[in-house]
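These are the residues of each chain, in order.
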Amino acid sequence: MKNFSTARAAMVEGQIRPMGVIDPHILAAFGSVPRERFVPDTQQSVAYRDEDVPLGEGRFLMEPAVHARMLEAVSPVKSCRILDVGGGTGYAAAILSRLVKSVTALESSKIFLDRAVRNWESEGLTNITG
């Protein structure tokens, strides 16, 4: 089994930080959310690669560095309430939940939404609604 903690740290230090992301809260959020839980079991071994990861149904989990740069550009603060449209399996909402007051995630796929809710519950993330 792959050491996901090591892969997560390598993602932050080898992909996200070198792309110019310096916000310590964003770096900490990416370093603490287990990305492997938000992808299909068959994709867990590639969850931390610097590329989009297929989720199924023609959907993808965005590559980490691009995702982090987008968040840094938005500059979320703790008092924000965020709407996450097309939330997929819940990874973006999980990252955002570490940065803001609350997240409302909208997802049209019941399969993805059910997985997202299970993921958030397993992480103890109580400031997300789907």
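Residues numbered from 1 in each chain as written. Predicted model: local features only at pLDDT ≥ 70, side-chain atom pairs only at ≥ 80, totals over all residues. Heavy atoms only, no water.

Draft legend 1. Geometry of the overall build of the chain. When helices and strands are counted, the chain shows five helices and five strands. Helices (α) and strands (β) of the chain occur, in sequence order from the N terminus, as α-α-β-β-α-β-α-β-α-β. Seen through its principal axes, the chain has C-alpha atoms that stretch 35 × 35 × 25 Å. A burial count over the chain gives 44% of its 130 residues as buried. Contacts spanning at least 24 positions in sequence make up 56% of the contacts within the chain whose residues lie at least 6 apart. Surface accessibility of the chain: about 6800 Å² in total, with carbon and sulfur atoms responsible for 56%. One way to put it: in the chain the 15 positive side-chain charges average out to a point 4 Å from where the 15 negative ones average out. (Helix = DSSP H or I, 4+ residues; strand = E, 2+ residues; numbered from the N terminus. Buried < 20%, exposed > 50% of the residue type's maximum accessible area, 1.4 Å probe, protein only. Contact = heavy atoms within 4.5 Å. Areas by Shrake-Rupley, 256 points an atom, 1.4 Å probe, with all protein chains shown as cover. Lys, Arg positive; Asp, Glu negative; His and termini not counted. Charge placed at Lys NZ, Arg CZ, Asp CG, Glu CD.)

Draft legend 2. Summary view of the environment of glutamate 107. You can see glutamate 107 is positioned in the loop between strand S4 (102-106) and helix H5 (110-122). Glutamate 107 gets classed as buried once you look at its relative accessible area, which sits at 13%. C-alpha separation for the pair glutamate 107 and glycine 87, spaced 20 residues apart in sequence, amounts to 5.3 Å. Not counting the four nearest positions on each side in its chain, glutamate 107 is found in contact with Arg59, Gly86, Gly87, Gly88, Phe112 and Leu113. In this structure the side chain of glutamate 107 is engaged in a polar contact, spanning 2.7 Å, whose partner is the side chain of arginine 59. A polar contact of 3.3 Å, which involves the side chain of glutamate 107, links it to the backbone nitrogen of glycine 87. (Polar contact = N/O pair within 3.5 Å; in protein donor to acceptor, adjacent residues only side chain to side chain.)

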